[in-house]
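Understanding the architecture of this molecule
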Amino acid sequence: MSKVDVGSEMVHRGPVKNRSCTDVFCLIIFIAFLVGWGIIGFYGFTLGDPQRLLHPTDSNGRICGVDETLKDKPYLFYFDLTRCADPSVLIKGCSTPQICVKKCPTENFLAIAAAAQIGEALTKTKLICKENVTVSQMSVKELVDKGHCASYYLQSEPIAGHCLPSLSASLKAAHAKIQKPFGTKQQEDMVERAVALLDVTKTFDRIFQDYSETWWIILIGLAISMLISLFWIVLMRFVAGPMVWLSIIGILALQGVGFWYCFMRYTELKDLPGANNQTLAQIAFTTNLGTYLELRETWLAFLIILGISMAVIVLMLIFLRNRIRIAIALIGHASKAVGSIMSTLLFPIFPWVFQVLVIGYFAAVALYAASIGKSTFKVVGPDNMTNIDCSCTSVIDSVGTCIPLGFEQICGSQCPGSTCRFFETGGNYYVTVLQIYNLFGLFWGLFFVSALAEIVLAGAFASWYWAFNKPRDVPAYPLTNSLFRAIFYHLGTVAFGSLIIAIIRSIRVLLEYLDRKVREYSDTCCSRSMMCLCKCCFWMLETFMKFVNRNAFVLCAVNGTSFCQSASDAFSLLLRNVARVAVLDKVTDFLLFLGRLVIVTAMGILSFYVFTNRIHYINEYIPPTNYYMVPIITTVLGAYFISGLFFSVYSMAIDTIFLCFLQDTEINDGSPEKPFYMSQELMEILGKKNKL
């Protein structure tokens, strides 16, 4: 804050103007990291080929429609789609042969049945076979049995380059023909899973259609959410106190009614002849809750719990009533600050856009880096499991990777039923390192943008608090000035704080990975408990450090000090006022939760009435939908997100003004040289006044 000498004392007049750069070394590290991230991106964009991941790949690892020999074959056809209906294919891949074709099948076809009906010659013209297969030298049955040609196919359409049955009904109809040659329960289950898989694709098509018809109504709903959020913040200036006190009185009233009811039930059961006199310990565990409600001990336990909670709340009201009044007054202060600096309500849009850009760059680098490297092929047995015990060492190495060219001719007799199938692209050590670096860049980038937004908002609201005559003395363009101060002087502090959170988050991700590996190889009670304990500890550490960072950024924006100095000062200041911190935190959480609940519930009810055509005078403007819950859920989630943006600004205003208030009470004494900057209401609560 600006400081003016009065004898040997220092008088605070707002955020410091003559400040210097803080945590420069951390800024240099961050810039070097960004340069490295850029080099990784350039390396991935230069050497990677995302088409290998975005386009379908056949069993030989060639890209349909992209490879030189497959330019005219953009679609991937599966010999037996039912073998791809098991969830394990997401990890192990689908064991059925996959080839690129010019177009997807336009009819249902069963090779063996067709050969008996229309003859071998005409059937062979309809077969879909692998390359370099001489159809004329073998019968239809031999072509199918040896896996050279598909035994059946269904009327399909290209979806993301894959030939998938166009209607789930066609799969069910064709199954009546397919069941005869196979006729197993496992086959029946796979077909049913394939039907469910196809139903999902149709559901997504209908959902997309609903969005294309109702997008403008959803936008109107989101605009209404913005207006309600703004209205709620303004409303807090006037009704925060009544809402808090009425809520406390309501809770006490409900607890009193519950206490009375439990006492009456306990008395009735005590005096009732033949009542169940068993104790909770004598009754074995049961899902019939009515059994417990017939016991006197149950109602006695409820009675004790309600009595203790009522006593705690009454004692809190007695000893913390002034602190609750201070919290309510500070919330009203924050509402005035937000209303005075309306640009802060639009400011979160900009960090949100930058976070989207960070995520987009991360996704692009991850995609290109994943496509670096050679294609890997592995031996897959008839049970869709990787088969590394195959003894054909001429084209198979020790880890089960193989060479697809000539595999069936060389290893067909030694590995019956096995195929050499495309497994993945890339997967080498260097690509893994690049992806780890890229993931850490995502964490650091997102937390950096979030921290920059916090320090900018803190500087703007601190300028408002430290204006003696509000809003007359509030400097012009407080948000813009705070943004320039943060960019020119405190990017190093922002990088330092965000680096700490990024490291902790990376450790948490590593623990999640280790937890999955431990469950695969040693799933014991002890190992699960240890991993759960570690994850819980680092979650608590991240939550605590976010709290420390947030308050450190406030004092950095106000005093212009480094991260460590700001964090130390903020933590000491809060520790000296821990009761006020606890009360303000809980009151703020309650009001913000209540606000989001009101906004989300209101938008959910309104959108339900709109999309179910219950508001008759607007029905002609509302398009019909396949699933009316889709736009309703989207509107509700959008309202939750928008209210979160507005309330994040409001929460930052409360935290900033609270820290400034604590500094005000400790540094100033109300004299003409050091007057209080708090409102008259706060001075009355504290029993203080300005002598001027």
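Below, the structure is looked at part by part. Just so it is clear, the model here is predicted, and its values are computed rather than measured.

1. Digging into the overall build of the chain
When its secondary structure is counted, the chain shows 21 helices and 10 strands. Burial analysis of the chain (692 residues in total) assigns 44% to the buried set. Sequence separation of 24 or more characterises 72% of the internal contacts of the chain that already satisfy a separation of 6 or more. Carbon together with sulfur atoms contributes 66% to the accessible area of the chain, which is approximately 36800 Å² in total.

2. So, the state of the cysteines
Tallied over the full model, the rule gives 3 disulfides. Here Cys64 pairs with Cys100 through a disulfide, and the sulfurs are 1.9 Å apart. Residues Cys64 and Cys100 are joined through a disulfide that is left-handed, its torsion about the S-S bond being -75°. Of this pair, Cys64 sits in the loop between helix 2 (51–54) and strand 3 (75–78) while Cys100 is found in strand 4 (residues 98–101), placing the two residues 36 residues apart along the sequence. Cys100 carries the same exposure label as Cys64, and that label is buried. With its sulfur 2.1 Å from that of its partner, Cys104 forms a disulfide with Cys163. Here Cys104 and Cys163 share a disulfide; its torsion about the S-S bond, -80°, makes the bridge left-handed. Here Cys104 is found in the loop between strand 4 and strand 5 (109–110), whereas its partner Cys163 is found in strand 8 (residues 162–165), with 59 residues between them in sequence. For the pair Cys104 and Cys163, a shared accessibility class is recorded, and that class is buried. Unpaired in terms of disulfides, Cys26 finds its nearest cysteine sulfur in Cys564, a separation of 7.9 Å.

3. As for helix 4 (residues 111–118)
Residues of helix 4 that are buried include every one of Ala111, Ala114 and Ala115, and no others. The arc enclosing the buried residues of helix 4, seen along the axis, measures out at 105°, which places them on a common side. Turned more than 90 degrees from where helix 4 packs its buried face, Ala116 and Gln117 sit exposed. Where helix 4 is buried, its residues contact strand 5, helix 5 (120–126) and helix 6 (140–145). Just past helix 4, the residue Gly119 takes up positive phi, approximately 100°.

4. Quick notes on helix 18 (residues 563–575)
Taking 1.5 Å of rise per residue, the 13 residues of helix 18 would be expected to cover 18 Å, and the 18 Å separating its terminal C-alpha atoms lies within 8% of that figure. For helix 18, every residue scored as buried is listed here: Phe563, Ser566, Ala567, Ala570, Leu573 and Leu574. For helix 18, the arc enclosing every buried residue in end-on projection is 135°, short of the 170-degree limit, so these residues lie on one face. Contacts from the buried residues of helix 18 go to helix 16 (491–521), helix 17 (525–559), helix 19 (578–611) and helix 20 (629–667).

5. Considerations on the pattern of salt bridges
Tallying each qualifying case throughout the model produces 17 salt bridges. Between Glu512 and Lys535 there is a salt bridge; the shortest N-O distance is 3.8 Å. Here Glu512 is found in helix 16, whereas its partner Lys535 is found in helix 17, with 23 residues between them in sequence. A single salt-bridge network, built from bridges that share partners, covers Arg505, Arg508, Glu542 and Lys546.

6. Quick word on the packing of aromatic side chains
One pass over the structure, following the stated rule, counts 25 aromatic pairs. Centre to centre, the rings of Phe109 and Tyr153 are 4.8 Å apart; their planes meet at 25°, and the pair counts as stacked. Here Phe109, found in strand 5, pairs with Tyr153, found in strand 6 (residues 152–153); they are 44 residues apart in sequence, far enough to count as distant. This pair shows no difference in class: Phe109 is buried, exactly as Tyr153 is. Relative to Tyr609, the ring of Phe608 has its centre 6.0 Å away and its plane inclined at 85°; by these criteria the two rings are edge-to-face. Residue class for Phe608 comes out partly exposed when judged on its relative accessible area of 28%. Following the ring pairs from residue to residue traces out a cluster consisting of Phe30, Phe33, Trp37, Phe45, Tyr361, Tyr368, Tyr437, Phe440, Trp444 and Phe448.

7. Quick word on the pairing of strand 8
Sheet topology note: the strand 7 (residues 156–159)/strand 8 ladder contains 4 bridges and is antiparallel. Within strand 8, the position partnered with Ser156 by the bridge is Pro165. Between the end of strand 7 and the start of strand 8, which pair antiparallel, lie 2 residues, with Ala160 showing a positive phi angle near 55°.

8. A few points about unusual backbone geometry
Of note in the backbone geometry, Asp23 takes a positive phi value of approximately 50° without being a glycine. Structurally, Asp23 is set in the loop between strand 2 (9–12) and helix 1 (24–47). The phi angle at Asn613 is positive, at roughly 55°, despite the residue not being glycine. As for its placement among the helices and strands, Asn613 is situated in the loop between helix 19 and helix 20.

9. Some thoughts on the packing of helix 1 against helix 14 (residues 429–465)
For the pair helix 1 and helix 14, the least separation of the axes is 10 Å and the interaxial angle reads 135°. The orientation of helix 1 relative to helix 14 falls into the category oblique. In terms of crossing hand, the pair formed by helix 1 and helix 14 is left-handed. Residues Ile29, Phe30, Ala32, Phe33, Gly36, Trp37, Ile40 and Tyr43 of helix 1 form the contact with helix 14, whose own contacting residues are Leu434, Tyr437, Asn438, Phe440, Gly441, Leu442, Trp444 and Phe448. Taken together, the residues of the contact of helix 1 with helix 14 sort by class into 13 nonpolar, 3 polar and no charged.

Cut-offs used in this document
- Residues numbered from 1 in each chain as written.
- Predicted model: local features only at pLDDT ≥ 70, side-chain atom pairs only at ≥ 80, totals over all residues.
- Heavy atoms only, no water.
- Helix = DSSP H or I, 4+ residues; strand = E, 2+ residues; numbered from the N terminus.
- Buried < 20%, exposed > 50% of the residue type's maximum accessible area, 1.4 Å probe, protein only.
- Contact = heavy atoms within 4.5 Å.
- Areas by Shrake-Rupley, 256 points an atom, 1.4 Å probe, with all protein chains shown as cover.
- Disulfide = S-S within 2.5 Å.
- Arc of directions from axis to C-beta.
- Expected span 1.5 Å × (residues − 1).
- Salt bridge = Lys/Arg side-chain N within 4 Å of Asp/Glu carboxyl O.
- Phe/Tyr/Trp six-rings, centres within 6.5 Å; stacked < 30°, edge-to-face > 60°.
- Pairing = 2+ DSSP bridges.
- Axes fitted to C-alpha atoms, helices over the stretch in contact; angles between N-to-C directions.
- Parallel < 35°, antiparallel > 145°, perpendicular 65-115°, else oblique.
- Left-handed = near helix turned anticlockwise from the far one by under 90°.
- Nonpolar A, V, L, I, M, F, W, Y, C, P; charged D, E, K, R; others polar.

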